[in-house]
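# Tertiary structure, described
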Amino acid sequence: DLQEKAVSLGGYLGGVVLINNWATWCPPCKIEMPELQAYYEAHADDGFVLIGIEAGEPLDEVAAFAQAYGLTFPIWLDPYSTALEAFQNWDLPSSYVIDTDGTVVYSWTGPVNQQTLEKYVTPLLNR
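Calculation notes
Residues numbered from 1 in each chain as written. Predicted model: local features only at pLDDT ≥ 70, side-chain atom pairs only at ≥ 80, totals over all residues. Heavy atoms only, no water. Phe/Tyr/Trp six-rings, centres within 6.5 Å; stacked < 30°, edge-to-face > 60°. 1 Å grid on protein atoms, 1.4 Å probe; cavity = no way out; pocket = protein on both sides within 12 Å on 5 of 7 lines; lining within 4 Å. Points joined across faces, edges and corners; volume = space filled by probe spheres on them. Helix = DSSP H or I, 4+ residues; strand = E, 2+ residues; numbered from the N terminus. Nonpolar A, V, L, I, M, F, W, Y, C, P; charged D, E, K, R; others polar. Expected span 1.5 Å × (residues − 1). Bend = angle between axes of the 7 residues up to and from the residue. Buried < 20%, exposed > 50% of the residue type's maximum accessible area, 1.4 Å probe, protein only. Contact = heavy atoms within 4.5 Å.

### Topic: the packing of aromatic side chains
- One pass over the structure, following the stated rule, counts nine aromatic pairs.
- A connected cluster of aromatic rings, assembled from ring pairs, spans Trp-22, Phe-65 and Tyr-69.

Now the structure itself:
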């Protein structure tokens, strides 16, 4: 993560998690960041977790991006493209919703907006 601590999805089992693979240099990623942040702020107290996994840029660059965009959700670094490999999708941005059972129930390639998240993710939070 941005504090250089080892992290794992295992600690989030039982909650609804959105994984977002992105990059600092990616224009569509930049477009969706305010949407993701707004949804996160609206639903963090409902058991929703958003984890942004940045695809390969150095810590200082990613931290500066997160600060500039006012991101408060967890940001993880992926210097070896492990997350991209795990999901078998190298297109950015890409997002995956994992339900409380640990199953990927939705995925999107390309920027996602708050309206889409409200339609698909919010009902999972209300179970």
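### Some remarks on the layout of surface pockets
- One number sums up the size of the largest pocket: a volume of about 260 Å³.
- Surrounding the largest pocket, 14 residues form its lining, Trp-76, Leu-77, Asp-78, Thr-82 and Ala-83 being those nearest its centre.
- Taken together, the elements giving at least two residues each to the lining of the largest pocket come down to strand 3 (75-77) and helix 3 (82-87).
- The element that contributes the greatest number of residues to the lining of the largest pocket is helix 3, accounting for four residues.
- Residue classes in the lining of the largest pocket are distributed as eleven nonpolar, one polar and two charged.

### What about helix 1 (residues 27-43)?
- Under the 1.5 Å per step criterion, the end-to-end length of helix 1 is 25 Å for 17 residues, consistent within 8% with the ideal 24 Å.
- Maximum bend of helix 1: about 30°, positioned at Met-33, with proline Pro-34 one to four residues after it.
- What helix 1 keeps buried is the set Cys-29, Glu-32, Met-33, Leu-36, Gln-37, Tyr-39, Tyr-40 and His-43.
- Of the surrounding secondary structure, the elements contacted by the buried residues of helix 1 are strand 1 (16-22), strand 2 (48-54), helix 2 (59-68), strand 4 (94-98), helix 4 (114-120) and helix 5 (122-125).

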